[in-house]
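Below are the chains, spelled out letter by letter.
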Amino acid sequence: MHPSPWLLRFAPLLPPQARVLDLACGAGRHANWLCQKGFSVTAVDRDGASLAQVDPRAERLELDLEAGPWPLGGRRFDAVLVTNYLWRPRLPELLACVGDWYLHETFALGQEQLGRPRNPDFLLRPGELIEVCHAAQLHVLAYEDGVVNGARIQRIAARRQPGALPL
């Protein structure tokens, strides 16, 4: 499977050899591409079998992000990438990991009429990613909300304001 066009659009803006967190990476479609491009990747997923498919150059962490204490406390990444994953209780801790770039692309309300997921707990509300970024003092560079390739999604690219510290 090819990397998301959203990642491909913004990856050229990342510094060479940037430290990138690929959260809920699955089998590594993004982590593997990022490794091939020379980025320093930390790939996180709870499924060890999927994680085993991630490029061995990546730091591979088998973690359940939805249980127990936040496992990435104190770590910062030049870029944080999240695709097709949403767990609202961890958003503040996740956003504290953002050193510079935040790229998030996942399903939004309306997806339940098109396919899975259907549970509103896993669907973004209108404008939710913008609100999350503003609360974390991130500057929104690009935002889309609509149907892409038959899925209802929101996606955002945001950067930390110069001089702003993570909350």
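The coordinates are above.
Here's what I pulled together on the structure shown here. In this text the structure is predicted, and so the values were computed from the model without any measurement.

What counts as what
Residues numbered from 1 in each chain as written. Predicted model: local features only at pLDDT ≥ 70, side-chain atom pairs only at ≥ 80, totals over all residues. Heavy atoms only, no water. Pairing = 2+ DSSP bridges. Helix = DSSP H or I, 4+ residues; strand = E, 2+ residues; numbered from the N terminus. Axes fitted to C-alpha atoms, helices over the stretch in contact; angles between N-to-C directions. Phe/Tyr/Trp six-rings, centres within 6.5 Å; stacked < 30°, edge-to-face > 60°. Buried < 20%, exposed > 50% of the residue type's maximum accessible area, 1.4 Å probe, protein only. Core = buried A, V, L, I, M, F, W, Y, C linked by side-chain atoms within 4.5 Å. Contact = heavy atoms within 4.5 Å. 1 Å grid on protein atoms, 1.4 Å probe; cavity = no way out; pocket = protein on both sides within 12 Å on 5 of 7 lines; lining within 4 Å. Points joined across faces, edges and corners; volume = space filled by probe spheres on them. Nonpolar A, V, L, I, M, F, W, Y, C, P; charged D, E, K, R; others polar.

Before going further, it helps to spend a moment on the sheet that holds strand β6 (residues 138-148). Reading across from one edge, β3-β2-β1-β4-β5-β7-β6 is the order of the seven strands in this open sheet, with mixed pairing throughout. Either end of the sheet is taken by a strand with one partner, and the two such strands are β3 (59-62) and β6. Along the sheet, successive strands turn relative to each other by an average axial angle of 10 degrees, direction set aside. Two strands pair when backbone bridges link them, and β6 and strand β7 (residues 151-160) are joined in this way by 10 bridges, in the antiparallel orientation.

With that out of the way, let us pick up the packing of aromatic side chains. Evaluation of the coordinates by the stated rule reveals three aromatic pairs. Aromatic pair F10 and W101: ring centres 6.2 Å apart, planes at 45 degrees, arrangement tilted. Residue F10 is located in helix α1 (residues 5-10), and its partner W101 is located in strand β5 (residues 98-107); the two are separated by 91 residues in the primary sequence. Look at F10 and you get buried, because its relative accessible area is 5%. Chaining the aromatic ring pairs together yields one cluster made of W6, F10 and W101.

A cis amide bond links R116 to the next residue, P117, at an omega of -5 degrees. Relative to the assigned elements, P117 resides in the loop between β5 and α5 (128-135). Phi is positive for Q17, which is not a glycine, with a value near 60 degrees. Within the secondary structure, Q17 sits in the loop between α1 and β1 (19-23). You can call Q17 exposed: its relative accessible area is 62%. Of note, the phi angle at A24 is positive, near 55 degrees, even though the residue is not glycine. Mapped onto the elements of the fold, A24 is located in the loop between β1 and α2 (29-36).

Turning to the nonpolar core, a few remarks are in order. Core analysis: the largest hydrophobic core is formed by 27 residues, its most contacted members being L21, L23, L72, V80, L94, Y102 and L138. Setting aside chain neighbours within four positions, we find L94 in contact with L21, L23, W70, V80, V82 and Y102. Among the nonpolar cores identified, the runner-up in size contains 24 residues, and A18, A31, C35 and V54 belong to it.

Among the structural elements, I130 can be located in helix α5. Judged by relative accessible area, I130 falls into the partly exposed class, the value being 25%. Residues I130 and L103 lie 27 residues apart in sequence; the distance between their C-alpha atoms is 12 Å. Not counting residues within four places of it along the chain, the set of residues in contact with I130 comprises Y143 and I156.

Let's shift gears to the layout of surface pockets. Its volume calculated, the largest pocket comes out at about 820 Å³. As for the largest pocket, its lining consists of 33 residues, and the residues nearest its centre are R29, T83, N84, Y85 and F107. Elements with a minimum of two residues in the lining of the largest pocket: α2, β5 and β7. Residues of the lining of the largest pocket, tallied by class, amount to 16 nonpolar, nine polar and eight charged.

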